[in-house]
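So the chains spell out like this:
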Amino acid sequence: MDKNFKEEFRQIIKFEPPLYKQRHQFVKDLVEKYKPKKVADLGCADCSLLWMLKFCSCIEVLAGLDICADVMKEKMHTLSPLPVDYLQPSERSLTVTLHHGSVAHKDPCMLGFDLVTCIELIEHLEESELKKFPEVVFGFMAPSIVVISTPNSEFNCLLPGVMLYRHPDHKFEWSQAEFQSWALETARCYDYSVEFTGVGHPPTGMEKVGFCTQIGVFFRKYPQTAESVQSEKPMEAVYKTVFKAVYPSLKDEKYLQNAVISEVIFTAQIIKHRLMSKREEYSDDPERKSKFQLSMDCFSDYLGKLVVEKTMEPFVSGNEVYIPLTTIFSFPKVNRLCGTFEKLCKLIAGKVTLSSDGSAVMFNIEHENEDN
């Protein structure tokens, strides 16, 4: 390659979005395609990839591992639940855990993952660690999918300031042929297939240089058996857990109960308000008032096309308003939260004021009338 030609490109190479964001987006796209429930990021560093992945609704377990605890601890607060997560718990469960340890060691906490990512990790490994890495990740952890990214050394000639390696901690940087040779041999040994791609396109006319970051996506050919997992399981944990966050979830009974109670009270208040407004329309006409019977038409905004039986109609008796639980259960959000009418009754028992037979939410409007 002409020296002047290379020098020209050294001045114009600029990735948009930045290369690290492209790598993260690649993983996110993969997650959205394959919907893994349990994802581990080896060499998670500042936890930025984990932070992005925590918003993927399919993921229920996230784990990070890094040899440098200080780097993780500096940013691990970004993985903690926010106040809004408690105010509006998600329907899915999510647990995020960070571990301090080496990818050259086996630990049972890393078993059972669907997807394992190793983004810009292997080039930081010593030769002895790199030799153990395939057995740990592909033999022991054996996830369905493994994503490994690493610098493409052939691209370095286009990057300004790069003399040997891109980072002082890199122990090596592979060409496309070297990475593919290692990846294919690893895949063969552990019954995986591998597809090669990358991010960071080369300039037009220099396609042979390849991607700036080369990526191998490994797919396990055969399901892992319970026996093989158990036979490989070490007796003791070797990683140290430095962070764990369990997000509030509607799968947790206490959060589900709070959500149901709030929704039941909110729904009952809406129905009561509509009922009292309708009742006032008839209050000036004694004859009409005596014949008053609530028309469920006034609830059309809330009940949509639901067919409401007469037994579901709210009513007023003296200073008390009764909103049948069957009516409340007909509202889509309440129905979705509870699933069954029996579940609704169980969750609100003792938490919401009900009629003597427990069939309706009851409001006393005596004080409301006094205030008016």
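This write-up is about the structure you can find in this document.

About the thresholds
- Residues numbered from 1 in each chain as written.
- Predicted model: local features only at pLDDT ≥ 70, side-chain atom pairs only at ≥ 80, totals over all residues.
- Heavy atoms only, no water.
- Buried < 20%, exposed > 50% of the residue type's maximum accessible area, 1.4 Å probe, protein only.
- Helix = DSSP H or I, 4+ residues; strand = E, 2+ residues; numbered from the N terminus.
- Pairing = 2+ DSSP bridges.
- Salt bridge = Lys/Arg side-chain N within 4 Å of Asp/Glu carboxyl O.
- Expected span 1.5 Å × (residues − 1).
- Axes fitted to C-alpha atoms, helices over the stretch in contact; angles between N-to-C directions.
- Core = buried A, V, L, I, M, F, W, Y, C linked by side-chain atoms within 4.5 Å.
- Contact = heavy atoms within 4.5 Å.
- Arc of directions from axis to C-beta.
- Phe/Tyr/Trp six-rings, centres within 6.5 Å; stacked < 30°, edge-to-face > 60°.
- Lys NZ or Arg CZ within 6 Å of the ring centre and 35° of its normal.

1. Structural notes on the pairing of strand β10 (residues 320–324)
Among the five residues in β10, four count as buried, and that is most of the element. Here strand β9 (residues 315–317) runs beside β10; their pairing, made up of three bridges, is antiparallel. Within the sheet, the bridge partner assigned to Val 316 lies in β10 and is Val 321. In textbook terms, the turn of a hairpin is the stretch between consecutive antiparallel strands, and for β9 and β10 this stretch comprises two residues, one of which, Gly 318, has a positive phi near 65°.

2. Considerations on the pattern of salt bridges
Counted under the stated rule, the structure contains nine salt bridges. The salt bridge involving Glu 120 is made with Arg 23; its shortest N-O contact spans 3.7 Å. Within this pair, whereas Glu 120 is found in the loop between β4 (115–119) and α6 (127–141), its partner Arg 23 is found in helix α2 (residues 19–34), the two being separated by 97 residues in sequence. Taken as a pair, Glu 120 and Arg 23 share a single burial class, namely buried. Here Glu 253 makes a salt bridge to Lys 343, at a shortest N to O gap of 3.4 Å.

3. Focus on the environment of Ala 268
On the secondary structure map, Ala 268 appears in helix α9 (residues 253–282). Considered as a pair, Ala 268 and Leu 325 are 57 residues apart in the sequence and their alpha carbons are 8.9 Å apart.

4. Concerning α2
When the terminal C-alpha atoms of α2 are compared, their 23 Å separation across 16 residues agrees well with the 22 Å that a helix rising 1.5 Å per residue should span. Every buried residue of α2 is listed here: Leu 19, Gln 22, Arg 23, His 24, Phe 26, Val 27, Leu 30 and Val 31. The positive-phi residue at the C-terminal boundary of α2 is Lys 35, with phi of around 55°.

5. Some details on the sheet that holds strand β11 (residues 360–364)
Read across the open sheet, the three strands follow the order β9-β10-β11; overall the sheet is antiparallel. Of all strands in the sheet, those bounded by a partner on one side alone are β9 and β11. Between one strand and the next, the sheet's axes are offset by a mean angle of 25°, whatever the strand orientation. Pairing between β10 and β11: five bridges, direction antiparallel. The partner of Val 321 across the bridge, within β11, is Phe 363.

6. A word on the nonpolar core
Core analysis: the largest hydrophobic core is formed by 42 residues, its most contacted members being Leu 53, Ile 59, Leu 98 and Val 147. Of all the elements in the fold, those that place two or more residues in this core are α2, α3 (48–53), β3 (95–100), β4, β5 (145–151), β7 (213–220) and β8 (240–246). Looking at this core, the element that brings in the most residues is α2, giving five residues. Apart from residues lying up to four places away in sequence, Leu 53 is in contact with Val 27, Lys 28, Val 31, Val 39, Ile 59 and Leu 62. Counting 32 residues, the second-largest nonpolar core is a separate cluster that includes Val 103, Met 141, Ile 148 and Phe 172.

7. Some points on the environment of Asn 319
The topology assignment puts Asn 319 in the loop between β9 and β10. Taking relative accessible area as the criterion, Asn 319 reaches 35% and is therefore assigned partly exposed. Considered as a pair, Asn 319 and Ile 365 are 46 residues apart in the sequence and their alpha carbons are 5.2 Å apart.

8. With respect to helix α7 (residues 176–189)
The end-to-end C-alpha separation of α7 is 20 Å, in line with the 20 Å expected for 14 residues at 1.5 Å each. Of all the residues in α7, the buried ones are Phe 179, Trp 182, Ala 183, Thr 186 and Ala 187. All buried residues of α7 fall inside an arc of 130° around its axis, so they share one side. Counted as exposed and oriented over 90 degrees from the buried face of α7: Ala 177 and Arg 188. Looking at the buried side of α7, the elements it contacts are α6, β5, β6 (192–199) and β7.

9. Re the packing of aromatic side chains
Inspection of the entire model under this criterion finds 15 aromatic pairs. Between Phe 138 and Tyr 192, the aromatic rings sit 5.0 Å apart at their centres with planes inclined by 85°, giving edge-to-face as the arrangement. Placement of Phe 138 in helix α6 and of Tyr 192 in strand β6 is noted, with a sequence separation of 54 residues between them. Here Phe 138 falls in the buried class, since its relative accessible area comes to 2%. Tyr 192 sits in the buried class, given a relative accessible area of 3%. Taken together, the ring pairs connect Phe 133, Phe 172, Trp 174, Phe 179, Trp 182 and Phe 196 into an aromatic cluster. Sitting above the plane of the Phe 113 ring, Lys 38 keeps its charged end 5.1 Å from the centroid. Here the guanidinium or amino end of Lys 272 rests over the ring plane of Phe 363, the centre of that ring lying 5.0 Å away.

10. A word on unusual backbone geometry
Leave glycine aside and you will find that most residues have negative phi; peptide bonds, for their part, are mostly trans. Residue Glu 16 is joined to Pro 17 through a cis peptide bond whose omega torsion reads 0°. Within the secondary structure, Pro 17 is located in the loop between α1 (3–12) and α2. Unlike most non-glycine residues, Cys 47 shows phi in positive territory, near 70°. Turning to its location among the elements, Cys 47 is positioned in the loop between β1 (38–42) and α3. Relative accessible area serves as the criterion here: at 0%, Cys 47 is assigned to the buried category. Of note in this structure, Glu 120 is not a glycine but carries a positive phi near 55°. Classification of Glu 120 as buried rests on a relative accessible area of 17%.

Honestly, it's all geometry; don't read function into it.
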